[in-house]
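Observations on chain architecture
Next come the chains, spelled out residue by residue.
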Amino acid sequence: MQPMDPASPKRPPAPSASPPPVADPVRWARDRIAALGLAPDAPLTPDLLERLTAQLDREKAALLQEAKDLIAHHHGALVTFRDQAAEATATTSRAQDELRAIQEQIFTGPNALAKQVRDTLREDAEARQREADLRLAQALLKRAVKIDALAKSSDQHAAAGSYALAAEHITLAARKAVRGAEKHPDLLVYRSARKVVTAQRAALAAAVLARAESCIAVADGGQRITVTLHRENVQFADLLAALVALEQSTESCLAGPLAGLDVLNRELVVDATLGEVTVSTRSTDGELDLPANLRRYADALALLLPPPLRATAGLAPCAALIQRYTRDVLLPRIPTSPAGLPAFSAFLGSSLDTESHFAALGLYNPAEREWSLAHFSVPRAYLAAQLHSVLARVRDLLIAPVSPETVAAAGFDEHGADDAAAVLADLPRRTALRAPLASKSPLLARGNALAFPSSAQISQTAVDVASVLDSLVAGARQVPGPDSAAEHAAHVAAVLDLYLMHTHARRRSGVGLREAMVAHNDAMFLADWCTKRCLVEAGEGEVWARALARAVPRLVQAAKDGFRRSLAARRSELVQGMRPLEGWFASGIVENRDAIAELLLQVGGEIKAQAVVLKDLIPPSLRLYWLGAMYDAALSHVLNEVLSWDDITAAESEELCSQLQTLLIPAHLFGAHDTGEDAGGIPWVPRFRAFRDTVEVLNLPLRAILDKLRAGRFRDSLAAREIAHLVAALFQDSDVRRAALAEIAEGVKSGLVRGSA
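Conventions adopted
Residues numbered from 1 in each chain as written. Predicted model: local features only at pLDDT ≥ 70, side-chain atom pairs only at ≥ 80, totals over all residues. Heavy atoms only, no water. Helix = DSSP H or I, 4+ residues; strand = E, 2+ residues; numbered from the N terminus. Buried < 20%, exposed > 50% of the residue type's maximum accessible area, 1.4 Å probe, protein only. Contact = heavy atoms within 4.5 Å. Areas by Shrake-Rupley, 256 points an atom, 1.4 Å probe, with all protein chains shown as cover. Pairing = 2+ DSSP bridges. Axes fitted to C-alpha atoms, helices over the stretch in contact; angles between N-to-C directions. pLDDT = per-residue confidence, 0-100. Phe/Tyr/Trp six-rings, centres within 6.5 Å; stacked < 30°, edge-to-face > 60°. Lys NZ or Arg CZ within 6 Å of the ring centre and 35° of its normal. Salt bridge = Lys/Arg side-chain N within 4 Å of Asp/Glu carboxyl O. Arc of directions from axis to C-beta. Patch = residues over 30% accessible without salt bridge, like charges linked within 9 Å, V, L, I, M, F, W, Y side chains within 5 Å. Lys, Arg positive; Asp, Glu negative; His and termini not counted. Charge placed at Lys NZ, Arg CZ, Asp CG, Glu CD. Parallel < 35°, antiparallel > 145°, perpendicular 65-115°, else oblique. Nonpolar A, V, L, I, M, F, W, Y, C, P; charged D, E, K, R; others polar.

Helix and strand counts for the chain come out as 24 helices and eight strands. Counting over 757 residues, the chain shows a buried share of 39%. Restricting to contacts in the chain with at least 6 residues of sequence separation, those with at least 24 account for 72%. When the accessible surface of the chain is split by element, carbon and sulfur atoms take 55% of a total near 41700 Å².

As structure tokens, this is what we get:
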């Protein structure tokens, strides 16, 4: 059998043992009949069936023969493929066996190649480590020897008097010993070296410090210092250099004695000879030139310290001195008024020259000090001192005992009326000014918006506070600097804030009537001061407008709050004092006539006393508002009690009418307002007409009451319900009373009386 040619055309696959089912059996049968050459509609006969069966058998035999031919044709190729697969399997098996043998040769057994390689590498690494350890040991030994050599060299230099070199060598030896002990804590040589070198360094430091202190002689209570520059072949500068190298303080042998010199209050004297320098202070009768005194101090320190030591041993005492000079001398001299600024600026310039002298000698570095004089700003310092001084002054004014004396409100006299009118006329043109500039004070006269009423009484404290504020405004023009106006405006705001806080605290603690009214006037006076300043200073821009305009509503509100709180407290006290009337009315008016009369007289007397206190203290409008509120509270309390009675006898009516006449007396306090029978009432006392008409009704017959009702007499005073209640309480039930009550009800429809209270 020949193998199958790959290039030969593919034959269709052999049919499977079970052919696929026929999708359309009828159509398939018709195709078979057509293949026999018969018509599709030929009748189905036994002969036709036999012919169809024979045809199918022939087709089946042909298909079977074709399948056999295909199998015979491909049999050789299949056998060849099978043989090739078996040969490949055998080759793979042999390769795997060879690979396993190689792995066993490399990784297993005592003579494996991998083990030999590992052993060789380990031996090489151990050899290199031994070489490194040997080199390290040699290096450590050299360092230990060097440390010992440095320590011995230090002893030699110290014995020769070269303490600076001795200090450098022992310090270097100590640094190396400490570093070695920290890096190799298990090595005894370094631990021992560190212990020995540290003790040697401490001994050297003590010896150097003792020698340095022996070169200093202090006398006259620390105000005379003599420094010996050479002693026993040892230089003082060398000792200081040794102390610096040993990281020891020079406080006891230099900085301390120098710091004890009172160079800020006594004149400094320097006497330098070949072998010693004497620095002393002495008192002087004239004014001490402190900047020159400090420069002499710097020169004396430069004689004692060579340039290399000035940056280490001289910086600390010089920095402390300049800081003390700034705190104790310069800051207290800052003026609190612009007049002192030129003299202070000159003094500051001399102080800056002194600081520059220290820096030129290498004794001071201004760049490293935040409080250096080079950073000192005269305007900023002046403004800070001014704020502290102003707040302290205002605080003293506010906490001082309140004087009962008052003064008339001062006029706005710094600017004339013409200037004020010009400012007001020019305001519409100032479009950049977005602040409410209209005066907010109700105490102002309506005719002139810049005229404070002279009748308003204010305290001397308010005048003094306004004087302080005026000085701040004036100082803004005298102090140079772009932020002067803003800072002065902020100071004004701070003063006003302090005033408001104090006013609030005092109001909470409780004050008398006169003091409360004066406090109200003070707040309104300062609010008016801010308003006027806001108007006049408008040319300075928005700085003053923002600072002052914000304070106006706060001051006005503080004045209103104080006025309302005081009024509410005294009105409550008045009503509380009238509480006994309720019990006396209930237990019998006739029986308690004396007590009732006395209490009503006390109420009228209290209102009159308040009127006396308020006269000429506050403007008439506020005085009438206050008295009206007090008077209305008293009338309302009594009126509500009378209108609550359901039955009033004739005797009670007569007695009540007589007693209540007492409360009509204070009406004269309201001046020209007519309070007679045909009067329109008192604008500040809403319940006055109701009270007056109630008193009148108590003593009238029913016919007279109805006549007044028909005349509209009660239209604006009593409501229909109140009149009907009085009629029902005063008169017995009868046809006449019922007719009167019906007429009162009809009076509401006709407009003769109000329908509700």
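This part covers the sheet that holds strand β6 (residues 276-282). Taken in spatial order, the four strands of this open sheet run β1-β2-β6-β5, and their pairing is antiparallel. Here the strands that pair on one side only, and so sit at the sheet edges, are β1 (216-219) and β5 (267-272). Along the sheet, successive strands turn relative to each other by an average axial angle of 15°, direction set aside. Pairing of β5 with β6 involves six bridges; the strand directions are antiparallel. Bridged to E267 within β6 is R282.

Turning our attention to the confidence of the model for the chain. Low pLDDT marks regions whose predicted coordinates should not be analysed in detail. Averaged over every residue, the pLDDT of the chain is 77; the share at 70 or more is 81%. Contacts of residues 1-18 to residues separated by more than four positions or lying in other chains number 14 contacts, the stretch itself having pLDDT below 50. A low-confidence stretch, residues 674-678 (pLDDT under 50), is modelled with 12 contacts involving residues beyond four sequence positions or located in other chains.

Okay, the packing of aromatic side chains next. According to the stated counting rule, one finds seven aromatic pairs in the structure shown. Ring centres 5.4 Å apart and planes at 90° place the aromatic pair F585 and W645 in the edge-to-face group. Here F585, found in helix α17 (residues 580-587), pairs with W645, found in the loop between α19 (620-643) and α20 (650-660); they are 60 residues apart in sequence, far enough to count as distant. Taking relative accessible area as the criterion, F585 reaches 5% and is therefore assigned buried. For W645, a relative accessible area of 11% corresponds to the buried category. Over the ring of F347 we find R333, and its NZ or CZ is 4.2 Å from the ring centre.

What the rule picks out here adds up to 20 salt bridges. In this structure, E722 and R687 form a salt bridge, with 3.7 Å as the shortest nitrogen-oxygen distance. Of this pair, E722 sits in helix α23 (residues 720-730) while R687 sits in the loop between α20 and α21 (688-697), and the two are 35 residues apart along the sequence. Between E696 and K708 there is a salt bridge; the shortest N-O distance is 3.0 Å. Taken together, the positions of E696 in helix α21 and K708 in helix α22 (residues 702-710) put the pair 12 residues apart, joining distant regions of the chain. Take K708: its relative accessible area is 15%, and that puts it in the buried class. Three or more residues are tied together by salt bridges with common partners; here these are R692, D693, E696, K708 and R713.

Those residues of α22 that fall on the buried side of the exposure criterion are L702, I705, L706, K708 and L709. Along the axis of α22, the buried residues cluster in a sector spanning 160°; they form a single face. Residues of α22 that are buried make contact with α21, α23 and α24 (735-750). Downstream of α22 by one or two residues, G712 has phi in the positive range, about 75°.

One ladder, built from four bridges, connects β1 with strand β2 (residues 224-228); its direction is antiparallel. Counterpart to A219 in the pairing with β2 is R224. Linking two consecutive strands that pair antiparallel, namely β1 and β2, is a turn of four residues; a positive phi of about 55° is found at D220 within it.

There is a patch of like positive charges on the surface, built from R143, R175, R179 and K183. In terms of residues, the positive patch owes the most to one element, helix α4 (residues 163-183), which gives three residues. Of note, R179 is situated in helix α4.

By secondary structure assignment, the location of V234 is in strand β4 (residues 234-235). As a C-alpha pair, V234 and R211 span 23 residues in sequence and 8.8 Å in three-dimensional space. Residues contacting V234, with those up to four places away along its chain left out, are G161, Y163, R211, L229 and L239.

Before going further, it helps to spend a moment on α23. Where α23 is concerned, the buried positions are A720, E722, I723, L726, V727, A729 and L730. Residues of α23 that are buried make contact with α19, α20, α21, α22 and α24.

Let's shift gears to the packing of α23 against α24. Their axes nearest at 10 Å, the elements α23 and α24 cross at an angle of 175°. Here α23 lies roughly antiparallel to α24, going by the angle between them. Packed against α23, whose contacting residues are A720, I723, A724, V727 and A728, the element α24 presents R737, L741, I744 and V748 at the interface. For the contact of α23 with α24, a count of residues per class yields eight nonpolar, no polar and one charged.

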